[in-house]
Amino acid sequence: MNQVLESMKSKEILNSEAMYKQIIEYSVETIFIHLESKFLYINQAGADFLKALKGEIIGGNVLSIFSEDEKDLIRERIEQAMCGEVTQAIEKTIIRFDGSLVDVELYCHPVQYGDKRAIQTVLRDITIRKETEKMLQDRQKLASIGQIAAGIAHEVKNPLTSVKGFLQLLKETNSHPYLFTMENELEKAIDTLQNLLQVSKPNLHEEPIIKIDVCKELNSLMLLFQDKLYNIEIKMDVRDCDKHILGKKNLYLKAFFNLMKNAVEAMPLNGILRIEHYFQDDYVHVKISDTGVGIPKEKMNLLGTPFFSSKTDGTGLGLTQVFTTINDHNGQISVHSVVNKGTTFHLKLPQNPGGM
Ligand code: ADP
Ligand code: MG
């Protein structure tokens with residue numbers, strides 16, 4: 001009788017062990033078991049995440065996925081876990097088998113593995129969380145720079161506007177050719193300040209939210225670039241024009257204009273400016289592409305930062321206005337660019353921007 005009970009019990013244990021193994025094996029998180037810094041087991045998600053085959057990982061050194069200066073801390077964690085302490089999750093950057101780095105959150109705890117007491121470590125990919133945190137920080141930084149800049153812009157714009165007024169009066173009595181140049185230059189300066197005020201203090205430009213016929217607006221804006229002055233060809237591919245959006249019209253027009261202007265400026269000799277409009281997955285899509293100089297990879301994450309410009313006479317405020325406007329309308333923006341081939345700005349605009 002006892003023997004029967006014993007064998008039933010061991011069968012139960014075996015069953016629950018098999019179930020436990022299955023749960024771990026099919027878990028979407030990276031789970032591995034190690035002893036004396038050697039990998040004893042890793043689940044499939046883990047092998048995929050570490051970019052290697054199970055066979056290449058098992059038997060190897062666990063510490064090899066950490067950088068030299070992290071190894072002591074990890075060893076300490078493992079020892080704590082060995083002593084039965086449940087360690088707090090920590091954030092680390094690990095080195096995968098293909099050499100790529102990835103931010104993870106990890107925690108260790110002791111487990112019974114066969115007849116051995118080992119450590120089970122769980123890794124969670126936190127790349128997206130980190131990116132979101134960084135974006136938030138960047139935004140806060142931008143917002144405070146913007147506020148300072150807006151304050152200065154406001155102070156400088158007023159005296160410049162009065163100088164412009166006096167220049168105009170002077171022109172009426174004394175038409176010196178320099179006066180025209182002075183007025184032109186002054187206008188450029190005031191325009192820059194105006195742009196800066198618009199992107200940093202959008203509330204100054206309280207605009208009603210109205211229905212916008214994006215197709216119609218793109219067609220009118222496009223005409224501005226059809227001048228012989230620009231040696232470019234314009235291709236329009238507008239579909240689903242019955243789909244209108246709600247938003248602040250002047251901000252949107254300025255954003256489309258800024259994108260088209262950049263596209264044209266990226267093609268100093270000749271090229272094709274392509275403007276697309278279509279409706280898909282509840283969004284109005286607008287794509288503005290050029291066959292111009294393109295944007296180098298290392299410059300991509302600077303796009304939208306105030307004053308970032310590669311042009312000698314650029315202000316670096318155009319894209320800031322574009323990003324602010326699209327974000328404020330709860331839209332999305334993505335950029336695809338190949339150096340010397342061209343650039344595409346892809347906007348996804350919601351039909352209704354929600355609470356603005
Ligand atoms: P600006 O046009 O005054 O330089 P923007 O904010 O409009 O300022 O653009 C910032 C920078 O982004 C540009 O100077 C340029 O380097 C890059 N850029 C933007 N759009 C394009 C494009 N379509 N092709 C190549 N580079 C671009
Ligand atoms: Mg520009």
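These figures come from a predicted structure and were not determined experimentally.

Undergrad: Tell me about helix H4 (residues 71-82), residues and numbers included.
TA: Because the α-helix completes a turn every 3.6 residues, residues three or four places apart line up on one side. The terminal C-alpha atoms of H4 lie 16 Å apart, and with 12 residues this matches the ideal 16 Å at 1.5 Å per residue to within 8%. Taken residue by residue, H4 has Lys71, Ile74, Arg77, Ile78 and Ala81 as its buried positions. For H4, the angular spread of the buried residues around the axis is 120°, confining them to a single face. In H4, the exposed positions angled more than 90 degrees off the buried face are occupied by Asp72 and Glu79. On its buried side, H4 packs onto strand S1 (30-35), strand S3 (90-95), strand S4 (101-113) and strand S5 (116-125). Directly after H4, the chain includes Gly84, whose backbone phi takes a positive value near 95°.

Undergrad: If you had to explain the site of ligand 1 to someone new, which residues and values would you point to?
TA: Close to ligand 1 lie 20 residues, the nearest being Asn262, Ser309, Ser310, Lys311 and Leu319. Residue Lys311 places a side-chain N or O atom 2.7 Å away from an oxygen atom belonging to ligand 1. In this structure, Gly318 approaches ligand 1 through a main-chain N or O atom, which is 3.3 Å from an oxygen atom. Burial of ligand 1 by the protein amounts to 93% of the accessible area it has alone, namely 530 Å². Broken down by element, the residue count for the shell around ligand 1 peaks at three residues, all from helix H8 (residues 249-265). By residue class, the composition of the shell around ligand 1 is eight nonpolar, nine polar and three charged.

Undergrad: Explain the sheet that holds S1 residue by residue, including any values.
TA: Hydrogen bonds between backbone groups are what pair the strands of a sheet, and the pairing can be parallel or antiparallel. With antiparallel pairing, five strands are arranged side by side in an open sheet as S2-S1-S5-S4-S3. A single partner strand is all that each edge strand has here, and the edge strands are strand S2 (38-42) and S3. Each adjacent strand pair in this sheet contributes to an overall mean axis angle of 40°, direction not counted. Where S3 meets S4, six bridges bridge the pair, whose relative direction is antiparallel.

Reading the values: rules and limits
Residues numbered from 1 in each chain as written. Chains lettered and ligands numbered in written order. Predicted model: local features only at pLDDT ≥ 70, side-chain atom pairs only at ≥ 80, totals over all residues. Heavy atoms only, no water. Helix = DSSP H or I, 4+ residues; strand = E, 2+ residues; numbered from the N terminus. Expected span 1.5 Å × (residues − 1). Buried < 20%, exposed > 50% of the residue type's maximum accessible area, 1.4 Å probe, protein only. Arc of directions from axis to C-beta. Contact = heavy atoms within 4.5 Å. Near = heavy atom within 4 Å. Polar contact = N/O pair within 3.5 Å; in protein donor to acceptor, adjacent residues only side chain to side chain. Areas by Shrake-Rupley, 256 points an atom, 1.4 Å probe, with all protein chains shown as cover. Nonpolar A, V, L, I, M, F, W, Y, C, P; charged D, E, K, R; others polar. Pairing = 2+ DSSP bridges. Axes fitted to C-alpha atoms, helices over the stretch in contact; angles between N-to-C directions.

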